[in-house]
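Here is what each chain is made of, one letter per residue.
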Amino acid sequence: MDAASHELLATDIEAWLEQHESKSLLRFITCGSVDDGKSTLIGRLLHDTKQLFDDQLAAVTRDSRRWGTQGAEIDLALLVDGLAAEREQGITIDVAYRFFTTERRKFIVADTPGHEQYTRNMVTGASTADAAVILIDAERGVLTQTRRHSYLVWLLGIRHIVLAVNKMDLVDHAQARFEQIVEDYREFASHIGLSSFTPIPMSALSGANVVEASTVMDWYTGPTLIDCLESLQIDAEHLQRGPLRFPVQWVNRPDSGFRGFAGTIAGGSVRAGDRVRIQPSGRESTVARIVTAGGDLQAAMAGASVTLTLADEVDVSRGAMISAADAPAEVADQFEAHVVWMAEEPLYPGRNYLMKIGTATVTASITDIKYQVNVNSLEHVAAKQLDLNGIAVCTLSLDRPVPFDAYRDNRNTGSFILIDRYANHTVGAGMLDFALRRSHNIHLQHVDIDKAARAAIKAQTPCVLWFTGLSGSGKSTVANLVEQRLHALGHHTYLLDGDNIRHGLNRDLGFTEADRVENIRRIAEVARLMVDAGLIVLTAFISPFRSEREMARQLFAPGEFIEVFMDTPLEIAEQRDPKGLYRKARAGQLKNFTGIDSPYEAPESPELCLSTVQLKPDEAADSVISWLQARSPSGSGPDPA
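One structure accompanies this document, and this report is about it. Everything numeric in this text was worked out from a predicted model, so none of it was measured.

Where helix α7 (residues 144-155) contacts helix α8 (residues 175-192), the axes come no closer than 10 Å and their chain directions differ by 35 degrees. In this structure, the crossing between α7 and α8 has a hand that is right-handed. Along its contact with α7, which presents Thr146, Arg147, Ser150, Tyr151 and Trp154, the element α8 presents Tyr185, Phe188 and Ile192. Its residues assigned to classes, the contact of α7 with α8 shows 5 nonpolar, 2 polar and 1 charged.

Here is the structure:
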């Protein structure tokens with residue numbers, strides 16, 4: 001703090017606070033490969049900009065004696081490496097955010113991990129950043145993780161890049177080494193569209209060119225890091241100039257006399273009297289009031305949290321978007337998008353995930369991986385699955401249309417996350433590129449004869465009996481017996497058997513996890529069509545993964561999907577081995593065989609659980625029929641339509 005600020009603080013605290021409130025805010029991240037010195041750099045920024053209190057200095061001095069890597073010197077990295085595991089290993093694992101301020105600007109910096117396994121944490125930190133400081137170890141030069149983080153920075157729309165060539169003291173502050181690294185990085189950056197960046201030679205350990213200019217690198221005449229960050233021109237009003245985008249987070253109805261829609265303006269501005277469109281429904285209305293805790297406003301801009309009331313009684317719920325009537329968002333249910341995968345378990349096309357975009361949560365599946373990006377060569381590589389930290393261009397399909405903007409136009413309305421339906425943790429993040437043309441050109445065709453009419457003529461309620469279990473558990477045998485009994489009772493049925501289907505519809509699929517996912521997706525869709533035709537459908541498939549069985553269940557109306565678990569221990573199924581498949585799998589002649597080298601995830605809450613150790617096939621079939629009759633008012637089987 002300079003003398004003038006000290007004097008203002010001492011004489012007029014309100015003026016000093018007003019001065020600091022008016023300063024612009026820059027959010028930036030530090031990224032790069034492991035051990036490039038990111039945490040040390042942030043610690044140096046905090047220390048040299050006088051952001052540390054005496055007790056913080058005392059604490060880090062004390063911690064340095066226990067955890068430090070700098071001998072008798074203070075280890076400034078400990079200011080941000082707060083987790084015990086980080087201090088023990090000397091690495092960054094989680095994203096650490098720190099606020100600091102200078103006379104010219106306020107900053108929020110995110111220290112992101114360098115290890116490849118924590119790339120997902122780097123994406124989290126970069127998602128709200130205006131600028132990126134990419135560190136490179138002067139000894140090691142441009143590495144794979146440098147390229148990966150640079151590509152992600154570009155993908156996430158960050159265009160203000162500082163290339164911090166750190167640890168220059170380890171190469172004797174050599175200008176030639178600095179220039180070689182800059183040239184290597186420039187060659188890579190040109191291929192991904194990073195046409196402009198600011199290279200700075202520095203030593204975070206000594207503080208050279210971080211806040212104060214270096215006296216030993218007098219060949220460098222550019223700005224220090226803090227000078228560069230203070231002078232970056234950020235277009236803070238970019239979103240405010242766009243059309244109104246207001247994702248509805250909550251319907252505020254404290255009493256019968258008030259109904260408002262609360263949320264944060266994601267783009268543009270709104271004034272009382274503006275004409276707006278509710279999306280995806282397409283209904284239009286007029287903004288009546290802009291309500292805040294401090295009173296009504298005449299206008300509000302992007303970033304403001306407000307409650308809007310409308311002049312008309314229109315249907316608006318959480319997940320809807322209120323847009324400018326003359327420039328609404330697009331609405332679609334199929335997209336091309338860039339996806340960054342963040343989970344240990346791979347992404348498989350056809351598997352269902354929850355997708356959160358804005359305030360809306362929908363069911364989504366990756367229908368196709370068009371190509372994966374090799375971050376080293378930037379080649380487009382064919383891929384059937386996406387592994388941890390993989391980056392790919394994919395096509396997505398949603399269960400219903402959502403309003404959106406392309407990510408390049410609006411980060412807030414063009415970004416999304418994918419969530420595992422069972423574990424409820426984030427497994428992927430993505431950026432929408434554009435809606436697929438078919439999402440606008442293909443529409444459901446109305447037909448007059450529907451499922452109820454087809455079921456009525458058959459005098460039955462259609463459903464699917466989904467038999468699942470290990471190979472040798474008796475799925476096909478029992479399903480066949482159940483169909484015989486239903487047929488004898490006069491019901492219209494169809495049995496879809498795993499082996500039979502692989503001779504035709506699914507003959508192009510193998511037994512990898514990706515192919516198993518697609519196998520069940522196709523069967524579920526076929527079963528849905530047959531149920532829509534009014535049939536009672538029986539399916540006999542191993543269907544080893546819970547997520548695919550849940551995906552199948554979601555295709556049907558409540559009560560139509562009946563999961564029948566053929567509960568057979570592996571040792572019993574292997575003893576039976578009617579097709580000799582277990583023997584081949586044990587001999588290594590059959591790969592990806594369920595129960596041997598591919599997992600089976602038993603149902604958690606099946607409608608029926610049949611122990612084939614205790615029940616003979618006829619008894620198991622009778623149990624299914626008895627269960628169906630018990631839920632039927634007539635007692636004769638599946639409910640009449």
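Still to come is the rest of the account.
We now examine the sheet that holds strand β5 (residues 160-166). Read across the open sheet, the 6 strands follow the order β2-β3-β1-β4-β5-β6; overall the sheet is mixed. Every other strand in the sheet has two partners, leaving β2 (96-101) and β6 (198-201) as the edge strands with one partner each. Recorded for the sheet is a direction-independent mean angle of 25 degrees between the axes of neighbouring strands. Note that β2 and strand β3 (residues 106-111) share 6 bridges and pair antiparallel. Bridging from a neighbouring strand, Thr101 pairs with Lys106 of β3. α8 contacts β4 (131-137), β5 and β6 of the sheet and is inclined by roughly 145 degrees relative to β5.

Quick look at the pairing of β5 now. The buried fraction of β5 is high, at 6 of 7 residues. Bridging between β4 and β5 involves 7 bridges; their strand directions are parallel. By the bridge assignment for β5, Ala131 is matched with His160. Viewed along the sheet, the connection from β4 through α7 into β5 turns out right-handed. Judged from the 4 bridges that link them, β5 and β6 form a sheet pairing that is parallel. If you follow Val165 over to β6, its bridge partner there is Pro201.

As a further point, take unusual backbone geometry. Here Gln279 and Pro280 are connected by a cis peptide whose omega angle stands at 15 degrees. Among the secondary structure elements, Pro280 is positioned in the loop between β11 (275-279) and β12 (284-291). Within the chain, His173 stands out as a residue other than glycine whose phi angle is a positive 55 degrees. Checked against the element boundaries, His173 lands in the loop between β5 and α8. One non-glycine residue, Ser543, lies in positive phi territory at about 35 degrees. With respect to the helices, strands and loops of the structure, Ser543 is situated in the loop between β25 (536-540) and α16 (546-554).

The antiparallel open sheet is built from 7 strands, whose spatial order is β7-β15-β11-β12-β14-β9-β8. The strands lining the two open edges of the sheet, one partner per strand, are β7 (245-247) and β8 (250-255). The sheet shows a mean angle of 40 degrees between the axes of neighbouring strands, taken without regard to direction. As defined by bridge partners, β7 adjoins strand β15 (residues 321-324) across 3 bridges and the pair is classed as antiparallel. Bridge pairing links Arg245 to Ser323 in β15.

In terms of nonpolar packing, the biggest core is built from 44 residues, with Ile29, Tyr151, Val153, Ile161, Leu163 and Tyr185 touching the most fellow members. When residues of this core are traced back to their parent elements, those giving at least two are β1 (25-32), α6 (119-126), β4, α7, β5, α8 and β22 (426-435). For this core, the leading source of residues is α8, giving 7 residues. In this structure, Val153 is in contact with Ile29, Cys31, Met122, Ala132, Ile158, Arg159 and Ile161, ignoring residues within four places of it in sequence. Residues Leu347, Val362, Ala364 and Leu396 belong to the second largest nonpolar core, which totals 28 residues.

With that settled, the discussion passes to the pattern of salt bridges. As enumerated under the stated definition, the model contains 28 salt bridges in all. Salt-bridge contacts for Arg275 lead to Glu284; the nearest nitrogen and oxygen are separated by 3.6 Å. Overall, the relative accessible area of 44% leaves Arg275 in the partly exposed class. Of the charged contacts in the structure, one is a salt bridge between Glu607 and Arg553, with a shortest N-O distance of 2.9 Å. In this pair, Glu607 is assigned in the loop between α18 (581-586) and β27 (608-611) and Arg553 in helix α16, connecting sequence segments 54 residues apart. Among the residues examined, Arg553 registers a relative accessible area of 22% and is labelled partly exposed.

What follows concerns the pairing of strand β14 (residues 305-310). For β14, the tally of buried residues reaches 5 of 6 residues, placing the bulk of the element in the interior. Of the strand pairs in this sheet, strand β9 (residues 258-264) and β14 are connected by 4 bridges, and their pairing is antiparallel. Note on β14: the bridge partner recorded for Ala262 is Thr307. The pairing of β12 with β14 spans 4 bridges and is classified as antiparallel. Each bridged residue has a counterpart across the sheet, and for Val291 the counterpart in β14 is Thr307.

Another point: the packing of aromatic side chains. On inspection of all chains with the given rule, the structure shows 13 aromatic pairs. Arranged with centres 5.5 Å apart and planes meeting at 40 degrees, the rings of Tyr151 and Trp154 form a pair that is tilted. Highlighted residues: Tyr151 and Trp154, both in helix α7, separated by 3 residues, approximately one helical turn. Taking the centre distance of 6.3 Å and the plane angle of 15 degrees together, the rings of Phe565 and Tyr600 count as stacked. Separated by 35 residues along the polypeptide, Phe565 in strand β26 (residues 561-567) and Tyr600 in the loop between α18 and β27 bring together distant segments of the chain. An aromatic cluster is defined as three or more aromatic residues linked by ring pairs; in this entry it consists of Phe28, Phe100 and Phe107. The ring centre of Phe545 lies 5.3 Å from the NZ or CZ of Arg351, which sits over that ring. Across from the ring centre of Phe511, 4.1 Å away, lies the NZ or CZ of Arg502, which sits over that ring.

Definitions and cut-offs
- Residues numbered from 1 in each chain as written.
- Predicted model: local features only at pLDDT ≥ 70, side-chain atom pairs only at ≥ 80, totals over all residues.
- Heavy atoms only, no water.
- Axes fitted to C-alpha atoms, helices over the stretch in contact; angles between N-to-C directions.
- Helix = DSSP H or I, 4+ residues; strand = E, 2+ residues; numbered from the N terminus.
- Left-handed = near helix turned anticlockwise from the far one by under 90°.
- Contact = heavy atoms within 4.5 Å.
- Nonpolar A, V, L, I, M, F, W, Y, C, P; charged D, E, K, R; others polar.
- Pairing = 2+ DSSP bridges.
- Buried < 20%, exposed > 50% of the residue type's maximum accessible area, 1.4 Å probe, protein only.
- Right-handed = clockwise from strand over helix to strand, strands pointing away.
- Core = buried A, V, L, I, M, F, W, Y, C linked by side-chain atoms within 4.5 Å.
- Salt bridge = Lys/Arg side-chain N within 4 Å of Asp/Glu carboxyl O.
- Phe/Tyr/Trp six-rings, centres within 6.5 Å; stacked < 30°, edge-to-face > 60°.
- Lys NZ or Arg CZ within 6 Å of the ring centre and 35° of its normal.

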